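Working through the structure, step by step
Okay, here's what each chain looks like letter by letter:
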Amino acid sequence: MKILIIGSGGREHAIAWKLSQSKRVKKLFIAPGNPGTASLGENCAIPAEDVEGLKAFALKEKIDLTVVGPEFPLTLGITDAFTGAGLPVFGPAKAASEIESSKVFAKVLMKRYKIPTGFHKTFEDAADAIDYVDTHKPPYVIKADGLAAGKGVYVCPAPDEARSAVNLIMRKKAFGMAGRRIIIEEFLSGEEASFLALTDGKAVVPLAPAQDHKTVFDGDKGPNTGGMGAYSPAPVITPSLEAEIMETIMRPTVAAMEQEGRPYKGVLYAGIMVSGGRPKVLEFNARFGDPETQPLMMRLEDDLAELLLATVEGRLADVKPRWSPKASVCVVMASEGYPGTYPIGNPIRGLGEAAKLKDVAVFHAGTSMRGGRVVTSGGRVLGVTALGGDIKDAIAKAYSAVEQISFDGAHYRRDIGKKAVKAG
Ligand code: AMP
Ligand code: GLY
């Protein structure tokens, strides 16, 4: 089987790594890929947003399955374009991916179908939003409606910050049209988890729960990022809570999308807040999480190609993925300044030494080649991921690999996985 993976981050490297172990996969292409994926398959220099270019490539190469990593091509309708051309593709159609690309759509859907989430109000006018802040008590959760690479969410403990967030999104247009509308949402306290499930539109199959670390600094401080590290399993999701999430959130959401005439196929990712033992949805994503996919791929014992094909071909009814009982931890090494502006082109040292470590995989995210060397080229640079006998062991292995690697300005959180140790 020939597979094309679209994207260039740590998620796509981890997917390529897992697919490269499948007996069914004869050839892997990654568009555009990164220096990490180049060692597993053939990178092709087609941007993830070039739907027509990717389609032409897939037709020419007779690709058996295309796996869409990031959200943006989904919102451009890559799945619709490929399906129309008779090309099998993993990822929801454009209309279904709106569950991620519009927070207003997702909130209205949840309200209509009684899927547990915090209450919200939608604003199209900055003055109205500021008026709401002035007449309501903190904390405030302010979110741009559209896609903002995980950075369009502001949790504001004070009115001043909330007013600044509204101004930034709606008046200064920090996220362009994505901030034309915002929602102000009920603040939910508790512990978060990332709950992903494969669905063929009918059957819904949970993946192992994971936990992300959204903020840039230790102790969950500082601004939100795309994710600074992740681990799996996530002890906060007990078996009974998993059953509740499937019953009250995942299955009803897939059924709701069908009801709305937007049948959902692919991976559905629910960001969950567990509060007082009960789950509520913070957001939905229409794709695999990044970095969560990195520890998930290390724990998955089944053939990923088979799972993705079963999803695309509507054969998930009897599927139950098997997971290693071991724990996996991913520590993201980021560029100085991320999630704000950051320099690029800094040479990365120690990748060879880290690669020699057992049970460690260093997934590339924001890297490129320059003069024969791997250099930084993004905010999140590497996902240093390890498998260990338990969470403590996985943490120790991941950080000993991190210590082998360096680049100017590198920063990473030192507390990835700590919550799981406490829980255990
Ligand atoms: P989202 O992209 O919507 O998941 O938001 C990013 C992060 O902001 C989440 O992972 C939470 O840490 C935080 N967040 C989002 N919504 C809320 C909420 N209603 N209450 C508290 N924290 C939130
Ligand atoms: N790690 C969060 C996300 O993939 O959206």
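As the structure is a computational prediction, the values presented were derived from the model and not from experiment.

A short note on the pairing of strand β9 (residues 182-185)
Of the two faces of β9, the one lined by Ile182 and Ile184 and the one lined by Ile183 and Glu185 are each fully buried. Relative to β9, strand β6 (residues 120-123) is paired through four bridges, and the arrangement is antiparallel. When the bridges of β9 are listed, Lys121 appears paired with Ile184. Of the pairings in the sheet, the one linking strand β7 (residues 140-144) to β9 comprises four bridges and is antiparallel in character. When the bridges of β9 are listed, Val141 appears paired with Glu185.

What to know about the site of ligand 1
Surveying the vicinity of ligand 1 reveals 14 residues, the closest of which are Glu185, Glu186, Leu188, Glu192 and Glu283. One nitrogen or oxygen atom from the side chain of Glu192 is found 2.4 Å from an oxygen atom belonging to ligand 1. The contact in question runs from an oxygen atom of ligand 1 to an N or O atom on the side chain of Asn224, over 3.3 Å. Relative to its unbound accessible area of 470 Å², ligand 1 is 94% covered by the protein chains. Taken together, the residues of the shell around ligand 1 break down into six nonpolar, one polar and seven charged.

Digging into the packing of helix α7 (residues 126-135) against helix α8 (residues 159-171)
Direction vectors running N to C along α7 and α8 enclose 170°, while the axes themselves pass 10 Å from each other. By the angle between their directions, the pair α7 and α8 is classed as roughly antiparallel. The segment α7 lies against α8, with Ala126, Ala127, Ala129, Ile130, Val133 and Asp134 engaging Pro159, Ala162, Arg163, Val166, Asn167, Met170 and Arg171.

Section: the sheet that holds β9
Pairing is antiparallel across the open sheet formed by four strands, whose spatial order is β6-β9-β7-β8. Strands with a single pairing partner mark the edges of an open sheet, and in this sheet they are β6 and β8 (153-156). Averaged over neighbouring strand pairs, the angle between their axes works out to 20° when direction is ignored. Packed onto the sheet, helix α6 (residues 103-112) meets β6, β7, β8 and β9 and runs at close to 45° relative to β9.

Description of the packing of aromatic side chains
The full count for this structure, using the stated rule, is six aromatic pairs. With centroids separated by 5.7 Å and ring planes inclined at 80°, the aromatic side chains of Trp17 and Phe363 adopt a geometry described as edge-to-face. Highlighted residues: Trp17 in helix α1 (residues 10-19) and Phe363 in strand β19 (residues 360-364), separated in sequence by 346 residues. Classification of Trp17 by relative accessible area gives partly exposed; the value is 22%. Note on Phe90 and Phe288: the rings are 5.8 Å apart at their centroids and 15° apart in plane angle, and the pair reads as stacked. With Phe90 in strand β5 (residues 89-90) and Phe288 in the loop between β17 (278-285) and α10 (293-299), this residue pair connects regions lying 198 residues apart in the sequence. For the residue pair Phe90 and Phe288, the accessibility class agrees, reading buried in each case. Between Arg287 and the ring centre of Tyr269, over which it is positioned, the NZ or CZ distance is 6.0 Å.

So, the site of ligand 2
The environment of ligand 2 is formed by Asp212, Lys214, Gly226, Tyr269, Asn285, Arg287, Gly289, Asp290, Pro291 and Glu292. A distance of 2.7 Å is found between a nitrogen atom of ligand 2 and a side-chain nitrogen or oxygen belonging to Asp212. A distance of 2.8 Å separates an oxygen atom of ligand 2 from a polar side-chain atom of Arg287. In the complex, the protein chains occlude 91% of the 190 Å² of accessible area that ligand 2 would expose alone. Residues belonging to the shell around ligand 2 are distributed by class as follows: two nonpolar, three polar and five charged.

Here's the deal with the sheet that holds strand β22 (residues 380-388)
Hydrogen bonds between backbone groups are what pair the strands of a sheet, and the pairing can be parallel or antiparallel. The strand order across the open sheet formed by five strands is β12-β15-β18-β22-β19, and the pairing between neighbours is antiparallel. Taken across any chain shown, the strands that pair with only one partner, and hence form the sheet edges, are β12 (211-212) and β19. Here β12 runs beside strand β15 (residues 229-232); their pairing, made up of two bridges, is antiparallel. For Gln211, the partnering residue across the bridge sits in β15 and is Tyr231.

Side note on the side chain of Thr199
Looking at the element boundaries, Thr199 is found in strand β10 (residues 191-199). On the accessibility criterion, Thr199 (0% relative accessible area) is buried. Of the polar contacts made by the side chain of Thr199, one reaches the backbone oxygen of Ala203; its length is 2.9 Å. Look past the residues within four positions of Thr199 in its chain and what remains in contact with it is Val204, Val254, Tyr264, Lys265, Gly266, Thr311 and Leu316.

Details of the environment of Ile405
Checked against the element boundaries, Ile405 lands in the loop between α13 (391-404) and α14 (418-423). C-alpha separation for the pair Ile405 and Met333, spaced 72 residues apart in sequence, amounts to 9.1 Å. With residues up to four places along the chain from it excluded, the contact list for Ile405 reads Met333, Ile348, Arg349, Gly350, Leu351, Ala354, Val362, Leu382 and Val384.

Scoring rules and cut-offs
Residues numbered from 1 in each chain as written. Chains lettered and ligands numbered in written order. Predicted model: local features only at pLDDT ≥ 70, side-chain atom pairs only at ≥ 80, totals over all residues. Heavy atoms only, no water. Buried < 20%, exposed > 50% of the residue type's maximum accessible area, 1.4 Å probe, protein only. Helix = DSSP H or I, 4+ residues; strand = E, 2+ residues; numbered from the N terminus. Pairing = 2+ DSSP bridges. Near = heavy atom within 4 Å. Polar contact = N/O pair within 3.5 Å; in protein donor to acceptor, adjacent residues only side chain to side chain. Areas by Shrake-Rupley, 256 points an atom, 1.4 Å probe, with all protein chains shown as cover. Nonpolar A, V, L, I, M, F, W, Y, C, P; charged D, E, K, R; others polar. Axes fitted to C-alpha atoms, helices over the stretch in contact; angles between N-to-C directions. Parallel < 35°, antiparallel > 145°, perpendicular 65-115°, else oblique. Contact = heavy atoms within 4.5 Å. Phe/Tyr/Trp six-rings, centres within 6.5 Å; stacked < 30°, edge-to-face > 60°. Lys NZ or Arg CZ within 6 Å of the ring centre and 35° of its normal.

All we've got here are geometric facts, nothing functional implied.
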